[in-house]
Amino acid sequence: MSDQSVMPPVRSLGLAERIRLIWQAKAPGIGASLGAPTAAILVFLLIWHGLAPRVQTSLGELPGPAQVFGEFISLMEEHQMEREKADRFYVRQAERNAAWVAEDPTYVPVVAEWTGKPTFIDQIFTSLKTVFAGFALATIIAIPLGLLCGSSAIMQNALNPLIQTFKPVSPLAWLPIVTLIVSAMYTNNDAWLPKSFLVSAITVMLCSLWPTVINTALGVASVDRDLINVARVLQLSWTKRIRKIVLPAAMPLIFTGMRLSIGVGWMVLIAAEMLAQNPGLGKFVWDEFQNGSAQSLGRILVAVLTIGLIGFVLDRLMLSVQRLVSSGDAR
Amino acid sequence: MLNSHATGSVLRSGRRTDTARSAGSTLLIGLALVFAALMLAQGAWAASRPEKQELKIGFIKLTDCAPLIVAYENGYFEDEGLYVTLEAQANWKVLLDRVIDGSLDASHMLPGQPLGAAVGIGGNAELVAIAGMGVNTLAVTMGNSVWTQMKTNVPMEAGKPVHPIHAKALEPVVKATSASGTRFNLGMVFPTSTHNYALRYWLAAGGIHPGLYTPADANGTTDGMVQLSVTPPPQMPATLGAGTILGYSVGEPWNQQAVIKGIGVPVITAGEIWSRMPEKVLGTRREFADRYPNTVRAIVRAVIRAEQWLDADKGANRTDLARMLSRPEYVGADYNVLVGPLTGNYQYEKDDIRPAPGGNVYYSGFAGYPFYGDAIWYLTQMRRWGQIPVEQTDAWYDGIARKVYRPDIYRDAANDLIASGDMQATDLPPAESYGAPPSQFIDGNVFDPAKPNAYLESFDIGTKGQK
């Protein structure tokens, strides 16, 4: 089950091959056996268990793995309780609407969403939705931009300084600008897309744009010259050339870029949510930090582990899509 | 008043119809009466129904957000047909911006926010205060090292400091710290916050100049012996712990948090500075109040009922309240931190817990009523510390207070509740009320809301007259 075994060799893509080798060098056979990772996790838990009580904070000692697991369970229970409260809320609302209509048939009943707090699970889904929205926006912009840069040396030269300047900008620098622009341009508070969602998604987009742009450009630029020449001989139209030759050849690198993008996007999102108090896991962490109760540290650690695990899953998801595309290309 | 009477009775008859129906065997004549009442009232009911039922209301994690939490948790908002989402805000600046831009329909606010917006401090906006939220909920806390030095200057009785502790005791510590070249930094929560004015009042009463705001100095540090800066309330203990500030003024439970975490000692509480410090208001945009008068009135009815519950039976509900507020989506501090100030047992030091009966009042003594006089007091403090840069006439103060404070809305809502039997008529101050009942200040000065300029003249420290 090593990374290599799943990966069929891709011919005619020297660079993609090299990139892949780099990836594998970073993760040398993690899946080689189940024993090694299990042992590493156990050692980590033991060290955590041993050291945590020695770290004293103003909120008490750092919670160990057992306490964190306990907090995880209580977060799940809270989620269940909130769902039950929501059900009762909808029953009361329906009764009230019926009574009001009975009193005045012209009354148009309001069907309000449950007004309770978002639970930990709700926050996870909010964050996931936001990151996917930002990532989708980034991809829609980045792939054409990358195609443009990769297929023309002039465009590449022209846009490169801009891309290189914007690429290293931290999300926290974009955030105030995005917030102000969205607030100014999007004034309808009752719209179905909340302002905070837009701010977070656009911030994610701005930061996760660049890996896809750069890798797409690289992928397009490194398409085999022979293939391009064949296309020329066959007098393929520009669109056909892109569709039949350039895109398939550049696909593995495009997906490498997208995989990097979603990783960056996920990290950026948590920071943006913390700073802007936008709903999601980042806000959950910040709220708990502000509460400063005895459970706060444990709950924050649950969130930290969740953020990490989701990031890991997102990365693996993109990796499998990338492989699917690469193998399709090889056939 | 006829209309308001109808509102109250119809809302209640709405609740009663279900019972009547379920009873089944109710006398025919009873049914006929209910039917007749419904027919008569239908027009009035449609006219008093809340125009907007789904609302988002903001709050800051403090004990004085309790009326909103209770109105939500006890179902008072829902009784009015209001579906309210309560949303904690990161700090007072974010909260104010979100009220102004319409992200929040209404909010727990500092009185200085709608007033400041009316006189152009930190932006211009038309906001109104429609109810009071909490009296005497703040305190001033000093870090442990400052307290140890300060304590030597405090008179003792039976091994415990005599209260109130005057800022005179702090003055030598400030001087020594400044002489050693370190700035004496203190935290408060917002430039126009109750906490800023309370801290300045206490410091100045003890001869410590807290600094003035000038057109060129928006930080308010000119001529100051100490440096005041802004930190969001829930972050105060952490900021004090990190040593960025040496003490702070903030609402509860963030002073009790400092004692229990062992990083500081509350030296003075709100009620000791001013026996009746009106701490927060329920605020909204004027445009919102004009557009949705029934909604705003319904919000105030729910909040009044919550404030009644909070002070009912000599505070019998306060332990329930502490448990409610300790939930992470509300204040989120531990129950044992919240329960002290809410039940009137205030912890000053590890071994110094004293009864503090005047703290965290929500309803008694007209605590929920937005008196013009309260607005005037805040405006005098804005002038005193230079946020209002030029002298103003007494009539000007009155004009701003009448523009921003809306006891008329509160009275309409209260009269609905009195009509429906949900409120005692004696709990509503007379219609001609201007200021709250007389109260005392730590410096012995007398505040007459009709004479703001005379009040400003009575201070040794601060701007007055044309200066």
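Only a predicted model underlies this, so the values are computations on that prediction, with no experimental measurement involved. (Residues numbered from 1 in each chain as written. Chains lettered and ligands numbered in written order. Predicted model: local features only at pLDDT ≥ 70, side-chain atom pairs only at ≥ 80, totals over all residues.)

### Digging into the overall build of chain A
Convention followed: Segments assigned H or I by DSSP are reported as helices when at least four residues long, segments assigned E as strands when at least two residues long, and all are numbered from the N terminus. Comment: burial labels come from other C-beta atoms within 10 Å of the residue's own C-beta, placed from the backbone, where a count of 20 or more is buried, 12 or fewer is exposed, and between is partly exposed. By the criterion used throughout, residues are in contact when their C-beta atoms, derived from the backbone, lie within 7 Å.
Along the backbone of chain A there are 12 helices and two strands. For chain A, the sequential pattern of α-helices and β-strands runs α-α-α-β-β-α-α-α-α-α-α-α-α-α. Looking at chain A as a whole, 33% of its 331 residues are labelled buried. The contacts in chain A between residues at least 6 apart in sequence include a share of 76% that link residues at least 24 apart.

### Quick look at the nonpolar core
In plain terms, the rule: Think of a nonpolar core as buried Ala, Val, Leu, Ile, Met, Phe, Trp, Tyr and Cys residues, each tied to the set through C-beta atoms within 7 Å.
Membership of the largest hydrophobic core comes to 142 residues, with the highest contact counts inside it found for Ile130, Trp202, Val300, Val303 and Val404 of chain B. For this core, the element with the most residues is helix α14 (residues 293-311) of chain B, which contributes 10 residues. Residues in contact with Trp202 of chain B, not counting those within four places in the same chain, are Val140, Ala167, Ile268, Ile273 and Ile442 of chain B. Of all hydrophobic cores here, the second largest spans 58 residues; its members include Leu206, Ala217, Val264 and Val285 of chain A.

### Quick word on the confidence of the model for chain A
Residues and elements named next belong to chain A. Using the following cut-off: Confidence per residue, as judged by the predictor, is encoded in pLDDT with a range of 0 to 100.
Here chain A averages 83 in pLDDT, while 87% of its residues score no lower than 70. Here helix α1 (residues 3-6) is the element of chain A with the lowest mean pLDDT, 42, and helix α4 (residues 65-103) is the one with the highest, 92. Residue range residues 1-12 is modelled with pLDDT below 50. Its contacts to residues more than four positions away, or to other chains, number 20 contacts.

### Notes on the interface of chain A and chain B
Counted only if it meets this: Three categories are distinguished: nonpolar for Ala, Val, Leu, Ile, Met, Phe, Trp, Tyr, Cys and Pro, charged for Asp, Glu, Lys and Arg, and polar for the others, with Gly belonging to the last.
Across the contact, 23 residues belong to chain A and 34 residues belong to chain B. Contributions of two or more residues to the side of chain A that touches chain B are made by α4 and α11 (281-291) of chain A. Counting residues per element, the side of chain A that touches chain B draws most heavily on α4 of chain A, which supplies five residues. Residues that form the side of chain A that touches chain B fall into these classes: five nonpolar, 10 polar and eight charged.

### Things to note about the environment of Gly282 of chain A
All names here are of chain A. Examined against the element boundaries, Gly282 turns out to sit in helix α11. Residue classification places Gly282 among the buried residues on the basis of 26 C-beta atoms within 10 Å. Gly282 sits 159 residues away from Gln123 along the chain, and the two C-alpha atoms are 8.7 Å apart. Beyond its immediate stretch of four places on either side in the chain, Gly282 contacts Leu269, Ile270, Ala271, Ala272, Glu273 and Met274.

### What about the sheet that holds strand β11 (residues 227-230) of chain B?
Residue and element names in this part refer to chain B. The line we're drawing: At least two bridges found by DSSP between two strands are what make those strands a pair. Interaxial angles span 0 to 180 degrees and are taken between N-to-C directions of axes, which are lines fitted to C-alpha atoms, for helices over the stretch in contact.
Spatially, the five strands line up as an open sheet ordered β11-β8-β12-β5-β13, and their pairing is mixed. What marks the edges here is a single partner per strand, and that holds for β11 and β13 (264-269). Across the sheet, the mean angle separating the axes of adjacent strands is 25 degrees when strand polarity is ignored. Pairing of strand β8 (residues 185-188) with strand β12 (residues 247-251), which is carried by two bridges, proceeds in the parallel orientation. In the sheet register, Leu186 faces β12, and the bridge partner there is Gly247. Where helix α7 (residues 144-151) meets the sheet, its contacts fall on β5 (138-143), β12 and β13, and the angle it forms with β5 comes to roughly 90 degrees.

### Describing unusual backbone geometry
All names here are of chain B. In this structure, Pro164 follows His163 across a cis peptide bond, with omega equal to -5 degrees. As for its position among the elements, Pro164 is in the loop between β7 (160-161) and α8 (171-179). Omega for the peptide link from Glu252 to Pro253 comes to 10 degrees, which places this bond in the cis form. Checked against the element boundaries, Pro253 lands in the loop between β12 and α11 (254-260). Within the chain, Asn136 stands out as a residue other than glycine whose phi angle is a positive 60 degrees. Relative to the helices and strands, Asn136 resides in the loop between β4 (127-135) and β5. Even without a glycine there, the phi angle at Phe366 is positive, about 60 degrees. Inspection of the secondary structure puts Phe366 in the loop between β16 (352-355) and α17 (372-384).

### Describing the environment of Asp422 of chain B
Residues and elements named next belong to chain B. Tracing the chain through its elements places Asp422 in the loop between α19 (407-419) and α20 (452-457). Sequence separation between Asp422 and Val146 is 276 residues, and the spatial gap between their C-alpha atoms is 49 Å. When residues no more than four places from it in sequence are discounted, the contact partners of Asp422 are Arg305 and Leu417.

### Quick notes on the sheet that holds strand β1 (residues 54-59) of chain B
Residues and elements named next belong to chain B. Spatial strand order, β2-β1-β3-β14-β4: five strands in an open sheet with mixed pairing. Whereas interior strands pair on both sides, the edge strands pair on one side only; in this sheet they are β2 (83-88) and β4. Taking each pair of neighbouring strands and ignoring which way they run, the sheet shows an average axis angle of 25 degrees. Of the pairings in the sheet, the one linking strand β3 (residues 106-109) to strand β14 (residues 278-285) comprises four bridges and is antiparallel in character. For Ser107, the partnering residue across the bridge sits in β14 and is Gly283. Together, β3, β4 and β14 form the strand contacts of helix α6 (residues 112-119), whose direction differs from that of β4 by roughly 150 degrees.

### Concerning the confidence of the model for chain B
Residues and elements named next belong to chain B. In the predicted model, chain B carries a mean pLDDT of 88, and the fraction of residues at 70 or more is 89%. Counting contacts from residues 1-22, a segment whose pLDDT is below 50, to residues more than four positions away or on other chains yields 35 contacts. Interface confidence for the predicted complex, expressed as ipTM, amounts to 0.73; the pTM equals 0.78.

### Focus on helix α8 (residues 195-221) of chain A
Residue and element names in this part refer to chain A. We apply this condition: Here the expected length of a helix is defined as 1.5 Å per residue gap, with one fewer gap than residues. One axis fitted to the seven residues ending at a residue, another fitted to the seven starting there: the angle between these axes is the bend at that residue.
Taking 1.5 Å of rise per residue, the 27 residues of α8 would be expected to cover 39 Å, and the 39 Å separating its terminal C-alpha atoms lies within 8% of that figure. At Ser208, α8 is bent by approximately 35 degrees, the largest bend along its length, and proline Pro211 sits one to four residues beyond. Burial within α8 is extensive, with 24 of its 27 residues counted as buried.

### Notes on the pairing of β8 of chain B
In this sheet, β11 of chain B lies alongside β8 of chain B in parallel orientation, the contact comprising four bridges. Across the sheet, Met188 of chain B pairs through a bridge with Val230 of chain B, a residue of β11 of chain B.

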